[in-house]
Amino acid sequence: MAAHPITLVAHRGNAAELPANTLPAFESALALGVRQLALDVQLASDAVPMVVREYELRRLGAARDGSVLDLPAGELARLEVAERERFGDRHAGVCIPRLADLVPLLQAVPDATLFVTLQRASLARHGHRRVVRTVLEALEPLRQQCVLLSREFAAVVEARREGAGRVGWILAGLDAHAQLKCEALQPQFLCIDAARLPAAARPWLGPWQ
């Protein structure tokens, strides 16, 4: 049986050793030789793309209630995400990066690929078009190195319409309706949690990875 190559993707950077979705985590992953990075994006209240998955402040370790979506980028960029419950004070002062902060990092490694997941909370707050456009603007120098992903099929369609070089859909399951959508859009990537796959499931044939 032919062997299939395994591609390592640093999900939120080197999140095993550093706070996830932070510049040090992505710098570490690249230094270790990983050339596939994945991150999450939420939009600040002033529509600046920020590298963060959670939108509830307390889940980020903040000592107050509230939402990332209600704060401007300048305030979020000062919000510490040092994961003290895991690392203690080792990474004190590490804060949420702007998506644009990763551009110089990736420009220095032109063979790297960046998978950017557009989170549902921001899509619901700002709308698909605004989220996609602001993310693509932030990533303009890296457009050929990036893949825009979303669980929302409409957001993937919007990314394709707005000229994203490559797109991917994060599937909830392998039903026939989802397969028809994929065949119509033909994204470059399909993603699914392996735990959601039935035992006898076979990947759909198509141009995607």
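Here the structure is shown first, and the text comes after it.
In this text, all values refer to a predicted model and were calculated from it rather than measured experimentally.

Caption draft 1: Fine view of the overall build of the protein chain. A tally of regular secondary structure across the protein chain gives eight helices and seven strands. Here the C-alpha atoms of the protein chain give a radius of gyration of 17 Å, agreeing with the 17 Å that 2.2 N^0.38 yields for 209 residues. Overall, the C-alpha framework of the protein chain stretches about 50 × 40 × 35 Å when taken along its three principal axes. The buried share of the protein chain, taken over its 209 residues, is 47%.

Caption draft 2: Representation of the layout of surface pockets in the model. Taken as a whole, the largest pocket encloses approximately 1000 Å³ of empty space. Looking at the largest pocket, it is lined by 33 residues, and the ones nearest its centre are Leu 149, Ile 170, Leu 190, Cys 191 and Ile 192. Elements that contribute at least two residues to the lining of the largest pocket include exactly strand S2 (36-43), strand S4 (113-118), strand S6 (166-170) and strand S7 (189-191). Per-element tally for the lining of the largest pocket: the top contributor is S2, with four residues. Looking at the lining of the largest pocket, its residues break down into 15 nonpolar, nine polar and nine charged.

Caption draft 3: A look at the packing of aromatic side chains. Within the structure shown, the criterion is met by two aromatic pairs. Aromatic pair Phe 115 and Phe 189: ring centres 5.1 Å apart, planes at 85°, arrangement edge-to-face. Of this pair, Phe 115 sits in strand S4 while Phe 189 sits in strand S7, placing them 74 residues apart in sequence. Residue classification places Phe 115 among the buried positions, given a relative accessible area of 10%.

Caption draft 4: Expanded view of the nonpolar core. If you look at the biggest cluster of nonpolar residues, it comprises 45 residues, and the most contacted ones within it are Leu 39, Val 116, Val 135, Leu 139 and Leu 148. At five residues, helix H6 (residues 128-138) tops the list of elements feeding residues into this core. Here Leu 139 is in contact with Leu 99, Leu 114, Val 116, Cys 146 and Leu 148, once residues within four sequence places are set aside. Residues Met 50, Ala 62, Leu 71 and Leu 76 belong to the second largest nonpolar core, which totals 13 residues.

Caption draft 5: Spatial organisation of empty space enclosed by the protein. One pass over the structure, following the stated rule, counts one cavity of 30 Å³ or more. Estimated volume of the largest cavity: approximately 30 Å³. Taken together, Leu 136, Leu 139, Arg 143, Cys 146, Leu 148, Ala 164, Gly 165 and Arg 166 make up the lining of the largest cavity. When grouped by side-chain class, the residues that make up the lining of the largest cavity number five nonpolar, one polar and two charged.

Caption draft 6: Looking closely at the packing of H6 against helix H7 (residues 153-161). The contact between H6 and H7 brings their axes to 9 Å, and the two run at 50°. Here H6 is positioned oblique relative to H7, judged by the angle of their axes. The handedness of the crossing between H6 and H7 comes out as right-handed. Listed contacts from H7 to His 128, Arg 129 and Val 132 of H6 are Ala 154, Ala 155, Glu 158 and Ala 159. Taken together, the residues of the contact of H6 with H7 sort by class into four nonpolar, one polar and two charged.

Caption draft 7: Fine view of the pattern of salt bridges. One pass over the structure, following the stated rule, counts 15 salt bridges. Among the salt bridges present, the one from Glu 54 reaches Arg 53, with a minimum N-O distance of 3.0 Å. Measuring nitrogen to oxygen at the nearest pair gives 2.7 Å for the salt bridge that ties Arg 86 to Glu 83. A residue is classified by how much of its surface remains accessible, and Arg 86, at 40% relative accessible area, is partly exposed. Through salt bridges with shared partners, a single ionic network connects Arg 53, Glu 54 and Arg 59.

Cut-offs used in this document
Residues numbered from 1 in each chain as written. Predicted model: local features only at pLDDT ≥ 70, side-chain atom pairs only at ≥ 80, totals over all residues. Heavy atoms only, no water. Helix = DSSP H or I, 4+ residues; strand = E, 2+ residues; numbered from the N terminus. Rg over C-alpha atoms; globule rule 2.2 N^0.38 Å. Buried < 20%, exposed > 50% of the residue type's maximum accessible area, 1.4 Å probe, protein only. 1 Å grid on protein atoms, 1.4 Å probe; cavity = no way out; pocket = protein on both sides within 12 Å on 5 of 7 lines; lining within 4 Å. Points joined across faces, edges and corners; volume = space filled by probe spheres on them. Nonpolar A, V, L, I, M, F, W, Y, C, P; charged D, E, K, R; others polar. Phe/Tyr/Trp six-rings, centres within 6.5 Å; stacked < 30°, edge-to-face > 60°. Core = buried A, V, L, I, M, F, W, Y, C linked by side-chain atoms within 4.5 Å. Contact = heavy atoms within 4.5 Å. Axes fitted to C-alpha atoms, helices over the stretch in contact; angles between N-to-C directions. Parallel < 35°, antiparallel > 145°, perpendicular 65-115°, else oblique. Left-handed = near helix turned anticlockwise from the far one by under 90°. Salt bridge = Lys/Arg side-chain N within 4 Å of Asp/Glu carboxyl O.

Shape descriptors only; they carry no functional weight alone.
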